[in-house]
Amino acid sequence: FDVRTTGAVVRDLAHRWQLVLERPGCAVRPSPGVWSPLEYACHVRDVLLVFTQRLGMMLTQVNPRFANWDQDATAVADRYWEQNPAAVAAQVDEAARTLAQLWSEVREDEWTRKGTRSDGAEFTVASLGVYLLHELRHHLADVS
């Protein structure tokens, strides 16, 4: 994977999420305890926002430490299951455009900049991009 294409891949995957949110019944859970496509899309929107913040920190600070993000608590607090699919689609699109633009501005000498997650996991800008794309693709598979 050429990490320099991260921005373009983010835009492509965001488009696929738009299609997921257009499906009839996207707010219906396939089984108890399994998120609906809408809930996964809310999570993806929030992943995009968190990664925008983290990438921005990595590009402007020396080895920043990222605040903990409790994904499950966010889902409950934000009531993912009650959100409007059309609104979430617009939010995913906007978050993806912002993050894709930030990825497209990464200079060659910045791909090795580091950041550390609250659990001690270290990332470079490049490995953060790979992790992001894994998340976006993985959750598309969850709703396929």
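Every value quoted in this text rests on a predicted model; they were computed, and no experiment measured them.

What follows concerns the side chain of Asp46. Along the chain, Asp46 falls in helix H2 (residues 37-60). For Asp46, a relative accessible area of 8% puts it in the buried group. For Asp46, the residues in contact, after removing those within four places along its chain, are Trp69, Thr74, Asp78 and Tyr80.

So, on to the layout of surface pockets. Considered as a void within the structure, the largest pocket measures approximately 160 Å³ in volume. Every residue lining the largest pocket is counted, 14 residues in all, and those nearest its centre are Arg54, Trp69, Gln71, Arg117 and Tyr131. For the lining of the largest pocket, the elements supplying multiple residues, two or more each, are H2 and helix H5 (125-142). Looking at which element gives the most residues to the lining of the largest pocket, the answer is H2, with five residues.

Moving on: the environment of Ser36. Of note, Ser36 is situated in the loop between helix H1 (6-22) and H2. The spacing of Ser36 and Val143 is 107 residues in sequence and 7.7 Å in space, taken between C-alpha atoms. Not counting residues up to four positions away in its chain, the partners in contact with Ser36 are Cys26, Ala27, Val28, Arg29 and Pro30.

Scanning all chains against the criterion turns up ten salt bridges. Put simply, Glu39 and Arg29 hold a salt bridge, and the shortest N to O gap is 2.7 Å. Placement of Glu39 in helix H2 and of Arg29 in the loop between H1 and H2 is noted, with a sequence separation of ten residues between them. On the basis of relative accessible area, Glu39 is assigned to the buried category, the value being 1%. The class for Arg29 is partly exposed, based on a relative accessible area of 38%. Residues joined by salt bridges that share partners form a network here, namely Asp2, Arg4 and Glu108.

This part is about the environment of Ala14. Here Ala14 shows up in helix H1. Residues Ala14 and Glu108 lie 94 residues apart in sequence; the distance between their C-alpha atoms is 25 Å. For Ala14, the residues in contact, after removing those within four places along its chain, are Val92 and Ala96.

Turning our eyes to something else, we now look at the nonpolar core. Formed by 47 residues in total, the largest nonpolar core has its most connected members in Val10, Trp17, Leu48, Leu55, Trp103 and Leu132. Broken down by element, this core gets its largest block of residues, 13 residues, from H2. Ignoring sequence-local partners within four residues, the contact set of Leu132 consists of Val10, Val47, Leu48, Phe51, Leu99 and Trp103.

Glancing now at helix H4 (residues 85-104). Between its first and last C-alpha atoms H4 spans 28 Å; for 20 residues at 1.5 Å apiece the expected length is 28 Å, and the two agree. Buried residues of H4: Val88, Ala89, Val92, Ala95, Ala96, Leu99, Ala100, Leu102 and Trp103, and no others. Looking straight down H4, one finds its buried side chains confined to an arc of 155 degrees; they lie on one side. Structurally, H4 contributes buried residues whose contacts are with H1, H2 and H5. One side-chain oxygen of the residue at the start of H4 lies 2.8 Å from the amide nitrogen of Ala86, identifying that residue as Asn84.

About the criteria used
- Residues numbered from 1 in each chain as written.
- Predicted model: local features only at pLDDT ≥ 70, side-chain atom pairs only at ≥ 80, totals over all residues.
- Heavy atoms only, no water.
- Helix = DSSP H or I, 4+ residues; strand = E, 2+ residues; numbered from the N terminus.
- Buried < 20%, exposed > 50% of the residue type's maximum accessible area, 1.4 Å probe, protein only.
- Contact = heavy atoms within 4.5 Å.
- 1 Å grid on protein atoms, 1.4 Å probe; cavity = no way out; pocket = protein on both sides within 12 Å on 5 of 7 lines; lining within 4 Å.
- Points joined across faces, edges and corners; volume = space filled by probe spheres on them.
- Salt bridge = Lys/Arg side-chain N within 4 Å of Asp/Glu carboxyl O.
- Core = buried A, V, L, I, M, F, W, Y, C linked by side-chain atoms within 4.5 Å.
- Expected span 1.5 Å × (residues − 1).
- Arc of directions from axis to C-beta.
- Polar contact = N/O pair within 3.5 Å; in protein donor to acceptor, adjacent residues only side chain to side chain.

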